[in-house]
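Spelled out, the chains give:
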Amino acid sequence: MKHTLAVLVENKSGVLSRVASLFSRRGYNIDSLAVGVTEDPDISRITIVVHGDDHVLEQVTKQLNKLIDVIKVSDIGTDDAVERELALIKVSADVDTRAEIMQIANIFRARIVDVAPKSMTVEVTGDESKIQAIEKLLRQFGIKEMVRTGKIAMVRGPKKV
Amino acid sequence: MTTGSTEKVNGAKALIKCLEKEGVDTLFGYPGGQIIPFYNELYDSDLRHILVRHEQAAAHAADGYARATGKTGVCVSTSGPGATNLVTGIATAYMDSVPIVALTGQVPRSLIGNDAFQEADITGITQPITKHNYLVQDPQEIPRIVKEAFHIASTGRPGPVLIDLPKDVQNIEIDLQYPDRVELRGYKPTYKGNTQQIKRAAEEIANSCRPIIYAGGGVISSNASAELVELAETIVAPVTTTLMGISCIPTEHPLYVGMLGMHGCKYANYAIQESDLIIAVGARFDDRVTGKLESFAPNARVIHIDVDPAEISKNVKVHIPIVGDAKQVLKSLIKYVQCCKSAEWIEKVNQWKKEYPLAYRKSQDTIMPQFVIEQISEACKDAIIVTEVGQHQMWAAQFFKYSKPRTFLTSGGLGTMGYGFPAAMGAKVGRPDKTVINIAGDGSFQMNSQELATVVQNDIPVVSVVLNNGYLGMVRQWQELFYDRRYSYTFIKGSVDFVKLAEAYGALGLRAEKPSEVRPAIEEAVKSGRPAVVEVIVECEANVYPMVPAGAAINEIIDLEEH
Ligand SMILES: Cc1ncc(C[n+]2csc(CCOP(=O)(O)OP(=O)(O)O)c2C)c(N)n1
């Protein structure tokens with residue numbers, strides 16, 4: 001099972017490495033990790049997608065909570081959360097395929113952010129399945145390079161983590 | 001938050017003043033280029049500094065001091081090689097939850113990251129083996145960081161904290177104001193157990209017929225021995241302890257069934273396997289205790305009291321978790337419990353105790369190692385026993401009679417050979433009123449025997465009893481039992497003359513070669529009031545029994561008769 005954890009931490013140097021190394025040394029697998037500062041400049045928010053059963057999740061949460069710089073750990077259920085990831089995909093393109101790629105981008109509400117004689121770069125945001133879907137369609141043209149941010153997530157409605 | 005006046009001092013002096021405010025009286029350390037400013041200020045201070053001969057010993061000594069006194073131990077080293085030499089000692093303290101603060105020098109801030117001379121990323125290296133660590137980047141932060149470090153080390157589940165101090169930070173003048181409290185948003189240990197859970201636990205106890213209390217090192221670190229014994233006596237339940245829990249209940253207490261696990265008493269293992277309720281206090285269900293997890297205590301419900309929530313249900317499924325300090329939780333639990341229906345059970349346990357006592361083959365001509373421990377036990381009743389790691393460690397756990405907490409110091413979690421001697425030195429510095437005996441193997445003692453120089457120079461009269469079996473005994477035992485007696489590189493006989501070694505350092509050296517010589521040698525060493533080494537030539541292929549083979553259930557025991 002995949003879980004999305006929102007981890008609030010002190011915005012200090014070394015904190016990210018403490019969090020990341022905890023995963024490797026305890027043998028937990030990180031699917032993705034995204035980090036950035038919050039509305040409070042002293043606090044950063046790390047979004048971690050982790051794979052595992054309830055026991056693993058409980059251990060991950062407790063071990064994270066043990067780190068002195070970790071302020072709060074919340075499991076954001078997939079149902080009631082907005083989840084987004086951003087990807088930049090550079091595809092091979094020429095005059096013959098350019099229109100088709102733009103069409104696909106349109107359907108996915110993606111944007112073309114760069115065009116060159118032999119390539120185009122598509123920017124797409126969305127949940128994981130959407131990014132996978134567009135990636136699959138663009139693959140036929142040849143993907144030269146792709147970069148993804150890792151997932152960020154937020155609970156819907158008035159609730160805060 | 002600060003009170004009192006500010007004064008202008010350099011970082012090094014500020015550090016010393018902060019240590020004094022924390023009540024530190026002794027440091028164990030070794031100087032070097034990047035910690036010279038600190039040592040320069042130390043020259044004028046009243047702090048006692050013990051110059052070890054290897055930084056690993058500084059960390060173990062701080063650890064032994066902490067375990068023996070309940071206070072936080074402090075060790076100091078320079079950057080790079082000094083700091084990396086502390087690592088084994090820090091990891092040892094981490095695994096056994098011992099509060100120490102390690103101070104390390106670091107290259108000046110402008111050189112950090114340049115692979116400068118004697119630079120090592122010690123905060124990176126020690127991240128997985130410290131409770132927390134700091135690289136001081138702003139000298140003005142020294143007071144806050146020291147305050148936090150001592151707070152973190154000694155509260156909640158105790159553990160080591162490291163402070164890395166760049167050399168220039170030690171030299172810069174700051175306004176010293178020592179904070180009187182710490183504010184850490186992410187660190188608020190729970191001490192008081194949840195009342196609802198405590199009541200449920202009491203109910204569970206009332207309904208149990210075959211309860212057993214399983215106590216670990218947490219009982220000792222929270223000073224909860226009296227409460228533990230009171231609980232056992234109130235509900236009338238047998239008590240077993242882990243290696244780390246030894247001495248939290250007197251060995252001769254009628255309800256005590258000894259240590260459990262791999263080298264635990266047969267009756268302790270039987271009792272836990274047949275119990276219907278385990279009351280675990282400050283213990284973590286380590287694999288040396290549970291053996292094969294799937295067959296551990298199959299019919300028992302589990303109450304688990306621990307200050308660290310992450311220990312609960314980590315290895316064994318817990319029915320009633322109680323997060324809190326052992327002393328506080330036991331105090332409130334005692335209020336709700338009464339004697340449970342354990343009369344028949346106690347009889348059965350006592351029957352096992354009679355049937356399967358700890359035993360060894362007696363001998364008139366050769367010295368049995370277990371006999372040596374019994375002799376130490378009789379000759380030095382209230383001593384603090386410290387051990388190295390190996391067979392001798394297990395014999396010290398099995399055959400010494402402990403009567404007070406904090407009198408058995410051993411590396412349980414990491415199993416560090418070389419721990420005992422420096423830890424004994426630290427214990428003696430912290431408890432000069434006590435006789436401190438290091439029980440050692442001939443292999444382990446050689447891992448930090450250079451500290452003989454330290455104990456002689458500083459007049460710290462610890463006695464090391466070296467059980468010389470000519471082998472790395474514990475490994476040899478495994479080779480004998482599970483590897484067809486192929487003694488691959490475990491024979492170390494003739495490596496050194498321990499008596500001459502002691503004498504070379506200016507310590508007292510004694511040797512016992514016959515059973516009748518053991519007691520007098522021990523007594524002479526203790527009476528001398530000097531640092532001493534007693535080399536005892538013991539039966540070379542004696543084994544530790546009972547033994548549960550790795551991966552077996554803990555009632556699948558190899559015992560003496562079968563071998
Ligand atoms: C630093 C370190 N290295 C290796 C080991 C593995 N080890 C565990 S027990 C042991 C043998 C100990 O021999 P000795 O100190 O002579 O004690 P004995 O078992 O003979 O009583 C060894 C090598 C260890 N625990 N620690």
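As the structure is a prediction and not an experimental result, all values here were calculated from the model.

Let's talk about the overall build of chain B
- For chain B, the count of helices and strands is 22 helices and 20 strands.
- For 563 residues, the compact-globule estimate of 2.2 N^0.38 gives 24 Å, and the C-alpha radius of gyration of chain B, at 24 Å, lies within 12% of that figure.
- When its C-alpha atoms are laid out on the principal axes, chain B stretches across 70 × 60 × 40 Å.
- Here chain B holds 563 residues, and the buried ones make up 60% of them.
- In chain B, of all internal contacts separated by at least 6 residues, the share reaching a separation of at least 24 is 75%.
- As displayed, chain B has an accessible area near 21,500 Å², and 49% of this comes from carbon and sulfur atoms.
- Of the side chains in chain B, 54 bear a positive and 64 a negative charge, and the two mean positions are spaced by 4 Å.

Looking at the UniProt feature "domain: Thiamine pyrophosphate enzyme central" (unreviewed entry) in chain B
- When the UniProt feature table is mapped onto this chain, "domain: Thiamine pyrophosphate enzyme central" (unreviewed entry) is found at residues 198-333 of chain B.
- Between the first and last C-alpha atoms of residues 198-333 of chain B the distance is 6 Å; the span itself is 34% helix and 20% strand.

As for the site of the ligand
Residue and element names in this part refer to chain B.
- Taken together, 17 residues form the shell around the ligand, and within it Gln391, His392, Gly443, Ser444 and Gly473 come nearest.
- One of the backbone nitrogen or oxygen atoms of Gln391 is found 2.8 Å away from an oxygen atom of the ligand.
- One nitrogen or oxygen atom from the main chain of Gly415 is found 2.8 Å from a nitrogen atom belonging to the ligand.
- Calculation on the ligand without its partners gives an accessible area of 580 Å², and the protein chains cover 76% of this total.
- Contributions of two or more residues to the shell around the ligand are made by α16 (391-399), α18 (442-445) and α20 (473-482).
- Along the lines of polarity and charge, the residues of the shell around the ligand split into 7 nonpolar, 9 polar and 1 charged.

Let's talk about the packing of aromatic side chains
All names here are of chain B.
- This model, assessed by the stated rule, comprises 16 aromatic pairs over all chains.
- Ring centres of Phe28 and Tyr65 lie 6.2 Å apart, and the angle between their planes is 65°; on these two criteria the pair is classed as edge-to-face. One end of the pair, Phe28, is in strand β2 (residues 26-29); the other, Tyr65, is in helix α3 (residues 55-69), and 37 residues separate them in sequence. For the pair formed by Phe28 and Tyr65, the shared burial category is buried.
- Judged by centre distance (5.5 Å) and plane angle (75°), the rings of Tyr471 and Tyr487 are edge-to-face.

Comments concerning the nonpolar core
Residue and element names in this part refer to chain B.
- In this structure, Ile213, Ile376, Ile385 and Val536 are the most contacted members of the largest nonpolar core, which totals 74 residues.
- Composition of this core by domain shows at least three residues from each of domain 2 (195-356) and domain 3 (369-537).
- Among the nonpolar cores identified, the runner-up in size contains 46 residues, and Ala57, Ile100, Leu162 and Val386 belong to it.

Quick word on the packing of helix α15 (residues 369-379) of chain B against helix α22 (residues 515-528) of chain B
All names here are of chain B.
- Put simply, α15 and α22 touch, their axes get as near as 10 Å, and they point 40° apart. As the angle between them shows, α15 and α22 are arranged oblique. For α15 against α22, the interelement crossing comes out right-handed. When α15 is examined against α22, the residues Phe371, Val372, Gln375, Ile376, Glu378 and Ala379 are found in contact with a partner set consisting of Pro515, Val518, Arg519, Ile522 and Glu523.
- Of the residues assigned to the contact of α15 with α22, the class counts are 7 nonpolar, 1 polar and 3 charged.

Examining the sheet that holds strand β19 (residues 508-512) of chain B
All names here are of chain B.
- Spatial ordering of the open sheet is given by β16-β15-β17-β18-β20-β19, a layout of 6 strands whose pairing is parallel. Edge positions in the open sheet fall to β16 (408-409) and β19, since each of these has one partner strand only.
- Where strand β17 (residues 436-441) meets strand β18 (residues 463-468), 5 bridges bridge the pair, whose relative direction is parallel. Bridge pairing links Ile439 to Val465 in β18.
- Helix-sheet contacts for α16 involve β15 (384-387), β16, β17 and β18, and the interaxial angle to β17 is about 135°.
- Docked against the sheet, helix α21 (residues 498-505) engages β18, β19 and β20 (532-537), running at close to 170° with respect to β19.

Section: the environment of Ala271 of chain B
Residue and element names in this part refer to chain B.
- With respect to the helices, strands and loops of the structure, Ala271 is situated in helix α11 (residues 266-274).
- Each C-alpha atom of the pair Ala271 and Gly186 lies 40 Å from the other, and the pair is 85 residues apart in sequence.
- Setting aside residues up to four positions removed in sequence, Ala271 forms contacts with Ile212, Trp345, Val349 and Trp352.

Describing the environment of Met425 of chain B
Residues and elements named next belong to chain B.
- Among the secondary structure elements, Met425 is positioned in helix α17 (residues 420-430).
- Using a relative accessible area of 0% as the deciding quantity, one classes Met425 as buried.
- Distance in space between the C-alpha atoms of Met425 and Val462 is 6.4 Å, their sequence separation being 37 residues.
- Excluding residues that lie within four positions of it along the chain, Met425 makes contacts with Val52, Ala61, Glu451, Thr454, Val455, Ile460 and Val462.

Structural notes on the pairing of β2 of chain B
Residues and elements named next belong to chain B.
- By the alternation rule, side chains of β2 split into Thr26 and Phe28 and Leu27 and Gly29, which are all buried.
- When β2 meets strand β3 (residues 48-51), the two strands line up parallel, connected through 4 bridges. The partner of Gly29 across the bridge, within β3, is Leu51.
- The parallel pair β2 and β3 is bridged by helix α2 (residues 36-42), and the resulting crossover is right-handed.

Some words on the domain arrangement of chain A
Residues and elements named next belong to chain A.
- The domains assigned to chain A are domain 1 (2-76) and domain 2 (82-155).
- For domain 1 and domain 2, the distance between their C-alpha centres works out to 28 Å.
- Counting from both sides, the interface comprises 9 residues of domain 1 and, opposite them, 9 residues of domain 2.
- Where domain 1 abuts domain 2, roughly 650 Å² becomes buried across the two surfaces, and 52% of that area is made up of carbon and sulfur atoms.
- Here domain 1 and domain 2 share 1 salt bridge between them.
- A salt bridge links Glu128 to Lys2; the shortest N-O distance between them is 3.3 Å.
- Our count for the contact surface shared by domain 1 and domain 2 stands at 4 residue pairs in polar contact (both at pLDDT 80 or more).
- Those elements that provide at least two residues to the side of domain 1 that touches domain 2 are β1 (2-10), β2 (30-37) and β3 (43-51).

Basis of the calculations
Residues numbered from 1 in each chain as written. Chains lettered and ligands numbered in written order. Predicted model: local features only at pLDDT ≥ 70, side-chain atom pairs only at ≥ 80, totals over all residues. Heavy atoms only, no water. Helix = DSSP H or I, 4+ residues; strand = E, 2+ residues; numbered from the N terminus. Rg over C-alpha atoms; globule rule 2.2 N^0.38 Å. Buried < 20%, exposed > 50% of the residue type's maximum accessible area, 1.4 Å probe, protein only. Contact = heavy atoms within 4.5 Å. Areas by Shrake-Rupley, 256 points an atom, 1.4 Å probe, with all protein chains shown as cover. Lys, Arg positive; Asp, Glu negative; His and termini not counted. Charge placed at Lys NZ, Arg CZ, Asp CG, Glu CD. UniProt positions renumbered as here; feature names shortened; annotations may be inferred. Near = heavy atom within 4 Å. Polar contact = N/O pair within 3.5 Å; in protein donor to acceptor, adjacent residues only side chain to side chain. Nonpolar A, V, L, I, M, F, W, Y, C, P; charged D, E, K, R; others polar. Phe/Tyr/Trp six-rings, centres within 6.5 Å; stacked < 30°, edge-to-face > 60°. Core = buried A, V, L, I, M, F, W, Y, C linked by side-chain atoms within 4.5 Å. Domains from an automatic or database assignment. Axes fitted to C-alpha atoms, helices over the stretch in contact; angles between N-to-C directions. Parallel < 35°, antiparallel > 145°, perpendicular 65-115°, else oblique. Left-handed = near helix turned anticlockwise from the far one by under 90°. Pairing = 2+ DSSP bridges. Right-handed = clockwise from strand over helix to strand, strands pointing away. Buried area = accessible area lost by both parts, 1.4 Å probe. Salt bridge = Lys/Arg side-chain N within 4 Å of Asp/Glu carboxyl O.

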